[in-house]
Amino acid sequence: MNLSNLKPAEGSTKTRKRIGRGPGSGLGGTSTRGHKGAKSRSGYSRKIGFEGGQMPIQRRLPKFGFKNINRVEYKAINIATLQLMAESQNITKIGVDELIEAGFISASQLVKILGNGSLTAKLEVEAHAFSKSAEAAIQAAGGTVVKL
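Residues numbered from 1 in each chain as written. Predicted model: local features only at pLDDT ≥ 70, side-chain atom pairs only at ≥ 80, totals over all residues. Heavy atoms only, no water.

**Student:** How should I be thinking about the UniProt feature "domain: Large ribosomal subunit protein uL15/eL18" (unreviewed entry) in the chain in this particular structure?
**Tutor:** Per the UniProt record, "domain: Large ribosomal subunit protein uL15/eL18" (unreviewed entry) is found at residues 77-146. Between the end C-alpha atoms of residues 77-146 there is a gap of 15 Å, over a span that is 39% helix and 26% strand. (UniProt positions renumbered as here; feature names shortened; annotations may be inferred. Helix = DSSP H or I, 4+ residues; strand = E, 2+ residues; numbered from the N terminus.)

Listed below in structure tokens is the structure:
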């Protein structure tokens, strides 16, 4: 066997429908486009959301809500996760780089530390934001909080 005699498996390929190739093909004449109207013309391209003249759904439905363009999205990380990291990796300083390395966040994400769980390790924690309970828990364990 070599590259010159490779063939697809039997029945795995079909010949495409060749329309507009004369009356003998059975697909000549209007070439499956029907009679008249925009869709039968050459150069026709359907507009996104067009529903044949019916009022499109994006115009029928009422608009609501508000998207704040100044919203800041944080990736939430609990102090229980920090405790696990401190125990498994035996570290005292946890910053954004350590969290990226551990796979909790990507390089472009901002981090907010939340107070869910318990913390016993004395840690220096660097993050973009802290909840009040997380900040209190870190300081109660003898650690320090650094806001970036």
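**Student:** Just checking my understanding: could you explain the pairing of strand E4 (residues 124-127) for this structure?
**Tutor:** Within a regular strand, side chains alternate between the sheet's two faces. As judged from the 2 bridges shared by strand E2 (residues 93-94) and E4, these two strands associate in the parallel manner. By the bridge assignment for E4, Lys93 is matched with Glu124. With 4 bridges joining them, E4 and strand E6 (residues 144-147) adopt parallel strand pairing. By the bridge assignment, Val125 is partnered in E6 with Val145. (Pairing = 2+ DSSP bridges.)

**Student:** Please explain the pattern of salt bridges as it appears in this structure.
**Tutor:** If charged atoms from side chains of opposite charge come close, those side chains can pair. Scanning all chains against the criterion turns up 4 salt bridges. Salt-bridge contacts for Lys93 lead to Glu126; the nearest nitrogen and oxygen are separated by 3.3 Å. Of this pair, Lys93 sits in strand E2 while Glu126 is found in strand E4, placing the two residues 33 residues apart along the sequence. Residue Glu135 is joined to Lys147 by a salt bridge in which the shortest nitrogen-to-oxygen separation is 3.8 Å. Taken as a pair, Glu135 in helix H4 (residues 132-140) and Lys147 in strand E6 lie far apart in primary sequence, 12 residues in all. Residue Glu135 is classed as partly exposed on the basis of its relative accessible area, which comes to 23%. (Salt bridge = Lys/Arg side-chain N within 4 Å of Asp/Glu carboxyl O. Buried < 20%, exposed > 50% of the residue type's maximum accessible area, 1.4 Å probe, protein only.)

**Student:** I keep staring at a nonpolar patch on the surface and nothing clicks. Help me out?
**Tutor:** Taken together, the side chains of Met1, Leu3 and Leu6 make up a nonpolar region of the molecular surface, amounting to roughly 450 Å² of accessible area. In this structure, Leu6 sits in the segment before helix H1 (57-60). (Patch = residues over 30% accessible without salt bridge, like charges linked within 9 Å, V, L, I, M, F, W, Y side chains within 5 Å. Areas by Shrake-Rupley, 256 points an atom, 1.4 Å probe, with all protein chains shown as cover.)

**Student:** I keep staring at the sheet that holds strand E1 (residues 74-78) and nothing clicks. Help me out?
**Tutor:** Through backbone hydrogen bonds, the strands of a sheet pair up, either in parallel or in antiparallel fashion. If you trace the 3 strands from one edge of the open sheet to the other, you get E1-E3-E5, paired in parallel fashion. A strand with exactly one partner marks an edge of an open sheet, and here the two such strands are E1 and strand E5 (129-130). The pairing of strand E3 (residues 110-114) with E5 spans 2 bridges and is parallel. Bridge pairing in E5 places Ile113 opposite Phe130. Its contacts with the sheet place helix H2 (residues 79-89) against E1 and E3, and it is angled at close to 65 degrees to E1. (Contact = heavy atoms within 4.5 Å. Axes fitted to C-alpha atoms, helices over the stretch in contact; angles between N-to-C directions.)

**Student:** What is the right way to look at the environment of Gly115 in this model?
**Tutor:** Mapped onto the elements, Gly115 comes out in the loop between E3 and E4. Expressed as a C-alpha distance, the spacing of Gly115 and Ala137, which sit 22 residues apart in the sequence, is 7.0 Å. Look past the residues within four positions of Gly115 in its chain and what remains in contact with it is Asn78, Ile79, Ser131, Ser133 and Ala134.

**Student:** Would you take a moment to explain the side chain of Glu126 for this structure?
**Tutor:** There is a polar contact of 3.3 Å between the side chain of Glu126 and the side chain of Lys93. The residues touching Glu126, leaving out its near neighbours within four places in the chain, are Lys93, Ile94, Gly95, Val96, Val146 and Leu148. (Polar contact = N/O pair within 3.5 Å; in protein donor to acceptor, adjacent residues only side chain to side chain.)

**Student:** I would appreciate a short explanation of the confidence of the model for the chain in the present structure.
**Tutor:** Averaged over all residues, the pLDDT of the chain equals 92, while 100% of them reach at least 70. The weakest mean pLDDT in the chain belongs to H2 at 91; the strongest belongs to E5 at 96. (pLDDT = per-residue confidence, 0-100.)

**Student:** Can you walk me through the nonpolar core in this structure?
**Tutor:** In globular proteins that are soluble, nonpolar side chains generally tend to be buried together. Counting 21 residues, the largest nonpolar core has Leu82, Leu99, Ile113, Leu123 and Ile138 as the members making the most contacts within it. For this core, the elements supplying multiple residues, two or more each, are H2, helix H3 (96-102), E3, E4 and H4. No other element matches the 4 residues that H2 contributes to this core. Beyond its immediate chain neighbours, meaning those up to four positions away, Ile113 contacts Ile77, Ile79, Leu82, Val125, Ala127, Ala129, Phe130, Ser131, Ala134 and Ile138. (Core = buried A, V, L, I, M, F, W, Y, C linked by side-chain atoms within 4.5 Å.)

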